[in-house]
Amino acid sequence: QVQLVESGGGLVQAGGSLRHACAATGRTFGSYAMGWFRQAPGKEREFVATISRSGDTIYYADSVKGRFTISRDNAGNTAYLQMNSLKPEDTAEYYCAARTRLGASIRLDGYAYWGQGTQVTVSS
């Protein structure tokens with residue numbers, strides 16, 4: 001089992017940047033594909049980005065493509081989501097998630113482990 005601890009949310013003006021980190025416990029971080037999802041008030045949780053175990057496969061939601069970058073440091077047991085050119089519509093609670101011994105996935109139900117979530121608020 002893995003535990004995910006997130007950091008890096010906050011309040012930023014439109015056009016600004018934030019970087020999320022998702023630190024995982026255990027020594028098998030490299031066996032987990034990682035994903036980021038977000039949930040705005042009154043809306044369903046939606047896919048943002050995913051990265052495979054080795055980092056060679058990455059997918060993004062169309063809404064963040066070109067602005068967000070997902071990466072991972074397997075030696076440091078941490079995944080990252082760099083968010084640039086933020087927009088007010090990016091305001092949401094952001095969650096990282098992990099799935100074991102499987103590839104990258106855009107499906108929310110493909111992930112067994114979830115972080116606690118971090119709030120991102122983008123002001124106009």
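This structure is a prediction, so every number in the text was calculated from the model and none was measured. (Residues numbered from 1 in each chain as written. Predicted model: local features only at pLDDT ≥ 70, side-chain atom pairs only at ≥ 80, totals over all residues. Heavy atoms only, no water.)

### Some words on the nonpolar core
Ranked by size, the top nonpolar core spans 32 residues in total, and within it Leu4, Met34, Val48, Phe68, Leu81, Met83 and Tyr94 carry the most contacts. Elements with a minimum of two residues in this core: β3 (18-24), β4 (32-39), β5 (46-51), β7 (68-73), β8 (78-83), β9 (92-100) and β11 (118-123). A total of five residues in this core trace back to one element, the largest contributor, which is β9. Leaving out residues up to four positions away in the same chain, Phe68 has contacts with Arg38, Val48, Tyr60, Leu81, Gln82, Met83, Asn84, Leu86, Asp90 and Tyr94. (Core = buried A, V, L, I, M, F, W, Y, C linked by side-chain atoms within 4.5 Å. Buried < 20%, exposed > 50% of the residue type's maximum accessible area, 1.4 Å probe, protein only. Helix = DSSP H or I, 4+ residues; strand = E, 2+ residues; numbered from the N terminus. Contact = heavy atoms within 4.5 Å.)

### Section: the sheet that holds β7
One open sheet accounts for four strands, arranged β1-β3-β8-β7; its pairing is antiparallel. Looking at the sheet topology across the chains shown, the edges are occupied by β1 (4-7) and β7. Between one strand axis and the next, the sheet turns through 15° on average, direction left out of account. Note: β3 against β8, six bridges, orientation antiparallel. In the strand pairing of β8, Leu18 is matched with Met83. (Pairing = 2+ DSSP bridges. Axes fitted to C-alpha atoms, helices over the stretch in contact; angles between N-to-C directions.)

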